[in-house]
Amino acid sequence: MKRRPFIKKLIQSTGGIYLASQSPLLYGCNLEPKNKKLGIALVGLGGYAGGQLAPALLETEHCYLAGIVTGTKEKESIWVNKYNIKKENIYNYDNFDSIAANDDIDIVYVVLPNSMHAEFTIRAAKAGKHVICEKPMAVSVEECENMIAACKEAKKMLSIGYRLHFDPFHDEVMRIGQNKVYGNMNVESEFSFLLKNPDSWRTQKALAGGGPLMDLGIYAIQGSIYSFGELPTSLWAKNTTKDTEFFKDIEGSLEWELTFPSGKSYCKTSYETPIFAELKHITEKGEVKLENAFYYGGIKGSTPDGNMNIKPVNQQASQMDAFALNILNNTESIVPGEMGLRDNYIIEKIYDSAANNSEVLELNDIPNILDIRRA
Ligand code: NAD
């Protein structure tokens, strides 16, 4: 009940449907000088920050790795040497708020366990920084609302780390699905991998907020929405966890079905099966398929007409450059906080349905934001 007024306000304030677009912002942000390369500070130097984001920031044109925020002292010298970071641009979780006085840092990128996203996004906004927050945006809709409000209050932009909106294979899938190039369709999608480490924060609800749905299944939700270019109207879900001993705190596996105005999407996610990622349109004229669909690279695409001939890009570099350009040009992110809120809303409904014998739930108050193609 608490969230409804906010969502209603979001819809009303944007005149019905909220279409993420490159139009000028509805609320004024402080403009940066156009020739400036924006400084990014990564918060949380784990697998994704170290393995993907920092290397991508060596390839970006409009932003660079200017600072780090870490709770592990030993990582500081490693990162300073590897990425040539100024000593005064190193922060820990306690002194993070003093980043407000640092003009080298324009954007804070939150890459922490999911339950820490809200706190650090809000602190970053209060420190006067634009924010990229990793997916899932937060562990509840209420947290998402607070994060959006904090960024609006500070007149700072908020974007979610949805890298696939900047991948040309996914752009092509959006084009094909949204234009019904091969006629009417249903969608099938799965993202799963085998999680073996019982001590990982990903297995702890207090840190992860949920299981593979929050971590991986969110890609299948997104893929379904941008394939149809429509919002789902109802859903049902089923917890299909096999090893209930190992997965005590979170689900190990989950399946769900989303109903859209023009078709259905059947999705799966799991921490109990070998790695697998697929996004498929079952159309009147055959299959449109992305194999390795949600990986950082190695995506293969095919349609009833043959293989997609698409040159891969560095998804993270494209995503971060696009956000830097949003700030420099005062245009809206195509993956704003409102989209993260929408996806957390769907996630909550999926958990509700799974907990209630797969009850079909109407999505009457879904935040009205649709994905658009980058091109
Ligand atoms: P990770 O475990 O490799 O790194 C987490 C980081 O947070 C570590 O540096 C750790 O020291 C720090 N941390 C701070 N407090 C912590 C605590 N209480 N418990 C555990 N770690 C703590 O995780 P990751 O894979 O880098 O994921 C981080 C975030 O990035 C998650 O929100 C995840 O969903 C997201 N992610 C996104 C993508 C993507 O493709 N967009 C890929 C991987 C991860």
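All figures in this text were calculated on a predicted structure; none of them were measured in a lab. (Residues numbered from 1 in each chain as written. Predicted model: local features only at pLDDT ≥ 70, side-chain atom pairs only at ≥ 80, totals over all residues. Heavy atoms only, no water.)

**Q** Before we go on, may I ask you to explain the domain arrangement of the protein chain in this structure?
**A** Size of an interface, as often reported, equals the accessible area lost when the parts are brought together. Once the domains are mapped, the protein chain shows domain 1 (3-164 + 319-335) and domain 2 (165-313 + 343-362). Taking the mean C-alpha position of each, domain 1 and domain 2 sit 25 Å from one another. On the domain 2 side, the residues contacting the 22 residues of domain 1 number 23 residues. Of the roughly 2,200 Å² buried where domain 1 meets domain 2, counting both sides, 59% is carbon and sulfur surface. Taken as a group, Tyr162, Arg163 and Leu164 account for 35% of the area that domain 1 buries against domain 2, more than any other trio of residues on that side. When the shortest N-O distance is used, the salt bridge between Lys135 and Asp215 registers 3.2 Å. (Domains from an automatic or database assignment. Contact = heavy atoms within 4.5 Å. Buried area = accessible area lost by both parts, 1.4 Å probe. Salt bridge = Lys/Arg side-chain N within 4 Å of Asp/Glu carboxyl O.)

**Q** Sorry, what's going on with helix H2 (residues 47-56) here?
**A** Because each turn of an α-helix spans 3.6 residues, side chains separated by three or four positions end up pointing in the same direction. Buried within H2 we find Tyr48, Ala49, Leu53, Ala54 and Ala56. The arc that holds every buried residue of H2, seen down its axis, measures 150°, which confines them to one face. At its buried positions, H2 is contacted by strand S2 (38-43), strand S3 (63-69), helix H3 (73-83), strand S5 (107-110) and helix H9 (315-329). (Buried < 20%, exposed > 50% of the residue type's maximum accessible area, 1.4 Å probe, protein only. Helix = DSSP H or I, 4+ residues; strand = E, 2+ residues; numbered from the N terminus. Arc of directions from axis to C-beta.)

**Q** It is not clear to me how the packing of aromatic side chains should be interpreted in this structure. Could you clarify?
**A** Given two aromatic rings, their pairing is described by the distance between the two centres and the angle made by the two planes. In the structure shown here, the tally under the stated rule is 13 aromatic pairs. Aromatic pair Trp236 and Tyr266: ring centres 6.3 Å apart, planes at 50°, arrangement tilted. Separated by 30 residues along the polypeptide, Trp236 in strand S9 (residues 234-239) and Tyr266 in strand S11 (residues 263-270) bring together distant segments of the chain. For Tyr266, a relative accessible area of 28% translates into the label partly exposed. (Phe/Tyr/Trp six-rings, centres within 6.5 Å; stacked < 30°, edge-to-face > 60°.)

**Q** Please clarify how the packing of H2 against H9 should be interpreted in this entry.
**A** Contact pair H2 / H9: the axes reach a minimum separation of 8 Å and the direction vectors enclose 65°. Two packed elements cross with a definite hand, and for H2 against H9 that hand is right-handed. Where H2 approaches H9, its residues Tyr48, Gln52, Leu53 and Ala56 are matched on the opposing element by Gln316, Ala317 and Met320. Looking at the contact of H2 with H9 residue by residue, the classes come out as five nonpolar, two polar and no charged. (Axes fitted to C-alpha atoms, helices over the stretch in contact; angles between N-to-C directions. Left-handed = near helix turned anticlockwise from the far one by under 90°. Nonpolar A, V, L, I, M, F, W, Y, C, P; charged D, E, K, R; others polar.)

**Q** Looking at this structure, how should I read the site of the ligand?
**A** If you check the shell around the ligand, you find 23 residues, and the closest are Gly47, Asn114, Lys135, Arg163 and Trp201. A distance of 3.1 Å separates an oxygen atom of the ligand from a polar atom in the backbone of Leu112. One of the side-chain nitrogen or oxygen atoms of Asn114 is found 2.7 Å away from an oxygen atom of the ligand. Considering the ligand on its own, with 830 Å² of exposed area, one finds that the protein chains cover 78% of that surface. (Near = heavy atom within 4 Å. Polar contact = N/O pair within 3.5 Å; in protein donor to acceptor, adjacent residues only side chain to side chain. Areas by Shrake-Rupley, 256 points an atom, 1.4 Å probe, with all protein chains shown as cover.)

**Q** Quick question: what am I supposed to make of helix H8 (residues 212-228) here?
**A** The end-to-end C-alpha separation of H8 is 23 Å, in line with the 24 Å expected for 17 residues at 1.5 Å each. Where H8 bends most, the angle comes to about 40°, and this point is Ile218. Of all 17 residues that make up H8, 17 are buried, and the element is covered over most of its length. Where H8 terminates, the next one or two residues include Gly229, which has phi positive at roughly 70°. (Expected span 1.5 Å × (residues − 1). Bend = angle between axes of the 7 residues up to and from the residue.)

**Q** Is there a simple way to think about the nonpolar core in this case?
**A** Note on soluble globular proteins: their nonpolar side chains tend to be buried together. Of all hydrophobic cores here, the largest spans 84 residues; its most connected members are Trp256, Ile346 and Ile350. Looking at this core element by element, the count peaks at 10 residues for H8. Two domains share this core, each providing at least three of its residues, namely domain 1 (3-164 + 319-335) and domain 2 (165-313 + 343-362). Filtering out sequence-adjacent residues up to four positions away, Ile350 remains in contact with Leu213, Ile221, Leu235, Ala237, Leu254 and Trp256. With 29 residues, the next largest nonpolar core counts Leu53, Cys63, Ile68 and Tyr109 among its residues. (Core = buried A, V, L, I, M, F, W, Y, C linked by side-chain atoms within 4.5 Å.)

**Q** Explain the side chain of Ser353 to me, please; I cannot follow it from the model alone.
**A** Here Ser353 lies in helix H10 (residues 337-355). A distance of 2.9 Å separates the side chain of Ser353 from the backbone nitrogen of Ala237, its partner in a polar contact. Among the polar contacts made by the side chain of Ser353, one reaches the main-chain carbonyl oxygen of Glu359 at a distance of 2.7 Å. Once residues within four sequence positions are removed from consideration, Ser353 is found in contact with Leu235, Trp236, Ala237, Ser358, Glu359 and Leu361.

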